[in-house]
Structure formats: structure tokens, C-alpha cells
Amino acid sequence: MPGSRSRRRVSALEGGLEEEASACTAAPSPSPQPTQASAEQILLRGIFEIRRGSCDVVLSERALRWRPIRPERPDGDSKFDLLCKEESIELKDVFSVKLKRRCSAKHRSSTLLGITLFICLKKKQNKLKDSTLDLINLSEDHCEIWFRQFKKILAGFSNRPKSLKILLNPQSHKKEAAQVYSEKVEPLLKLAGITTDVTITEYKGHALSLLKECDLQGFDGVVCVGGDGSASEVAHALLLRAQESAGMETDRILTPVRAQLPLGFIPAGSSNILAHSLHGVPHVVTATLHIIMGHTQLVDVCTFSSTGKLLRFGFSAMFGFGGRTLALAEKHRWMSPNQRRDFAVIEALAKLKPEYCEISFLPLQSSQEEQEMRTQGLLKSDCDEPWRVVQGEFLNVSIMAIPCLCAAAPQGLAPNTRLNNGSMALIIAQNTSRPEFIKHLKRYGTVKNQFNFPFVETYTVDEVKVHPRKNTHGSNLEEEAEPPKATSENGFPWNVDGDLMTVASEVHVRLHPRLISLYGRSVEEMNDSQVT
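Conventions used here
- Residues take numbers from 1 onward in each chain, read along the sequence in its written order.
- pLDDT decides what is reported in this predicted model: residues at 70 or higher carry local features, side-chain atom pairs at 80 or more are listed and counted, and totals for whole chains, interfaces and linings draw on all residues regardless.
- The side-chain numbers reported here are obtained from all heavy atoms of the structure, hydrogens and water having been left aside.
- Counting from the N terminus, the helices are the DSSP runs of H or I reaching at least four residues and the strands are the DSSP runs of E reaching at least two.
- Take the residue count of a helix, subtract one, and multiply by 1.5 Å to get its expected span.
- Note on exposure labels: buried denotes an accessible area under 20% of the residue type's maximum, exposed denotes more than 50%, and partly exposed covers the range between, all computed with a 1.4 Å probe on protein chains only.
- In this description, one arc is meant: the one made by directions from the helix axis to the C-beta atoms.
- Note on definitions: a residue-residue contact is assigned when non-hydrogen atoms from the two residues lie within 4.5 Å.

Draft legend 1. Broad picture of helix H10 (residues 337-350). Its 14 residues give H10 an end-to-end C-alpha distance of 20 Å, which sits within 8% of 20 Å, the value for a rise of 1.5 Å per residue. Taken residue by residue, H10 has Pro337, Arg340, Ala344, Ala348 and Leu349 as its buried positions. Buried residues of H10, viewed axially, fall in a sector of 155°; they line one side. Among the exposed residues of H10, those oriented more than 90 degrees off its buried face are Gln339, Ile346 and Ala350. Buried residues along H10 sit against helix H9 (321-331) and helix H12 (434-443).

Draft legend 2. Just the environment of Thr132, in detail. Positionally, Thr132 belongs in strand E7 (residues 128-136). In sequence terms Thr132 and Val97 are 35 residues apart; their C-alpha atoms lie 9.4 Å from each other. Once residues within four sequence positions are removed from consideration, Thr132 is found in contact with Thr116, Leu117 and Phe118.

Draft legend 3. The arrangement of helix H6 (residues 228-245) in detail. Along its 18 residues, H6 runs 26 Å from first to last C-alpha, staying within 8% of the 26 Å computed at 1.5 Å per residue. Where burial is concerned, most of H6 is hidden: 15 out of the 18 residues are buried. A positive phi of about 75° marks Gly247, the residue just after H6.

Draft legend 4. Focus on the side chain of Thr325. Relative to the elements of secondary structure, Thr325 occurs in helix H9. Its relative accessible area of 12% is what places Thr325 among the buried residues. Once you skip the residues sitting within four places of it in the chain, Thr325 turns out to touch Ala344, Val345 and Ala348.

Given below as C-alpha cells:
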């Protein structure tokens, strides 16, 4: 009879209260005590209904474990052992807990059903997903005790942010940043109990000027919703702010100090190279959950200087074909993002011309021990080390401190570097025919080695100087009345993290290991992690 079954269930749940009173002394249970929890301190023990079955539930300091209450086993039936298999979740994967209630609009009241745990789970291809686990028990007192204990445990994860400053660029890609934030990001942040202060940027450089004056006291981190250019601008602003707070000059920086707050990046751009390199996938929910869980890692950053003055902080740069392509795309912003990108690439290939310049670089030559010290920022580059110099006509020069993964280059534009290995990748494409250069570009979208061409050179470096010496006709750049067609009005175009920077003279790029903390986990760390 349904009525008698309901009474039996309530009786079992009430019995859980009696067991809970002696939880810390490990009282006898209808099923054997889980062996994994025996070495841990048991905080609570009771009976809940999980997935439509009554379970013996044990809460320890690090995990929640449950086992279906074992019925009387018929002789010779081994299926009961499989049905009563223990399950568990680690509490470090739980990011929120709520009391589960059924609301009645008619009676303007709610009925307690139990507790809901919100869990961060790993899926395939480095994606994260939010999931739930319901612990059903109709007793108010019973659920309140467990609820308070869960809240106490979650409050102990001090690395998780409680308040965030959000900077949203509404013009990124297809102008979907606001929708992405309101539909996918904001609900998860609210669920995790994170308070936010949102500012919508109105023009290029707005985030930079805002963060120079904004009071960040009380915030645990800064989050950018936009493309790579927006994220780079925010990172630059945070690092400039750190130098000012340390009393350093911001126009000439030799040894910058680390940014004070971690930076989160919600991908809403076209390439999303930074999100791809951080998480292995440009997935909005994945990026949001990394922020909620407080997953951070220190990342290498470059300084770009000219004539001894700091231009900006950044993660990667391209000069030549990469810079001209971006400059063309910026002139046609009236097009849709995909059309603009395709048009710029085709136009730049049609007008493919080399730049005559001198490139000097400091190769990375260190032992494993020195490399680890350099990665930790304990060892600086030796000024007495010999610089190498190459000069000639180059179609493209790439300088990258991160792998720069994206949909067009799944292995990365610089697959031999990492997020924080204390080195930069210098990739030089010398002058060659247009068909050969196109073959090189197409290789980025495959698993083949994109550098296996006689005109491509790769180096692992600490510092790089790029000095345009002459144009393709052989006249000195300084003696020209008009700049070459490959340049803009103010100088040569550089693509720095998807943002256009024009410089007429030499650009000096220096690496600074682990200078900023970003929310996320590296692809290698995600692949090595053990997930229940």
C-alpha cells in the first residue's frame, strides 16, 4: 500500500536522526562503514534518499560517500553486492549547497525536500560541467544540521572568490558578450554566492582608464568578458596598476612586480586564443567554473618597449603578415567578424610583401635547475650572454610567451612553448613564394609540423629586438619621405594579442616569468587530474 510504504520511509529517515547523534563515534550502521572514510574524521552520518533509494551517507572532511542500505541478501544471489556499491564525491568539487524545497503558490508555503549539492564535473575535451546531487530527507532538523556543515566546509576553500569586478565589452565579435554573460555566466556566479560589480566598456581603452582609478579594495579578482584584445587590455591595466602601487615608474620597467589580483577571462571573441591556451577549449561554462572553483595559475607575460619606453604588457605578438592582416581587418569593421577576417587574410596574401629588418635575440641557454629558477622569477637574464642577430627580408615574425591555441591552429601557433615555462618562442618566416607561404599557413590547421619548411626558423628565447631597417626597395626607413605601404600612418602594424599596435622604430620584447595569475588550469594539468 502506498500509505504504508510512505510511513516506512519516514521511519527510516527518522532513524537517521538517531544515528546522526552518534556520528562522531562511528555508531553501527545498517551497512558496513565505508573503508575510504575510515582514515578520515567523520563529521556526520545519516540516512538520505539518493536517486530514489535509501542510502547510508557519511560526510568526512574531504568527501561525501554513500551506499544503498543493503537488504537481506538471498542465498547465492551476488547481484546485491553490485547494487550496493559505494559511491562518492570529493568536496573540493562542490561549489554550492542549497536547501531543496517544493513551493506551493496556492498555499503560499514551501515543503522541505532535502539538500541539493552543486558539483563541478569534468567532461571530455577539457570541458567542465555543473551538475547536481539531491539528498532527500523530509526532516527540517536533520537537513539543517547537514546544510550548516556543508556551508562550513565550502567556506574553508579560501582560494575561491567571493566578490568579482566584471568588465564586459559589448562590441566583441558578434556583440554577444552581454547575452553570454546574462545567460551563462551570471546564473552560475549567483548560484555560487559570488557578488559582482559589472561595468560595460564603451570604447577602446575604457577598461585601462577605469582600472587606473577604480577602487578594487574588497574584490578577489577581475573578470573580462570579451575577446583577446579586451583580455590583453585588462591584463595590461592590472600590471600597470601593480607597478604604480609599488611606486615604480610605468614608462620604463625593467623588473615589473606581479599583478595583485587574478584575472578571469570569459571567451566572447572570434579567436579566443587566451581561453584556448588556458583551458584547452573556448567554453564559456568551463571558464566560469574555473573562476568559481578558484583554479589559478601563474602565466608568463612580455613587455613591449620602444626607445626605452614601455608600450604595453602582452602575451604574444606578430609582425609582418600577422600585423598587416589585423590592420586591414580594423579598417573594415563594418563587415561581419567572419567576413572581415577572411577578407583581411585574402587581401594580405594578395599584397604579400616582406619587411627588411634586423632581428636580434637572446637564446635561452640554461640547465634544468636554472630553467626552474628562471620560471620562478629567481634568475634574470645575464646581460653578458651573446646576442644573435639575423637580418634580411621576412614575411612574418611571431613572438609568443604562450602556446596560442585556437580553432585555426589546434596545436597552437607556438606549440613548443607553455604558459609558464619561462621562455618565449621566436618564429621567423623568411621571404619565399606566395604558394610556399600559404602551405606554411595551412599546416597550422593540421597535425603536421608547420615549421618543417626551409624558410621557417624557430628559436627559444629570453629577449627579442625587431628593428625595421629598410623597405623592400633598399632605402633607409629613416631617410624616407613617406612610410612604406606596408605601414600605417604612425608606423609598422603589430598584432599584440589581437590588438593593433603601430610602432615606427625598434620594438624590444622581454619575458617576465609568472607575472600574472589567471583563472584556469593548463591543458596538461587538466589531463593529469583525477576526476570522480
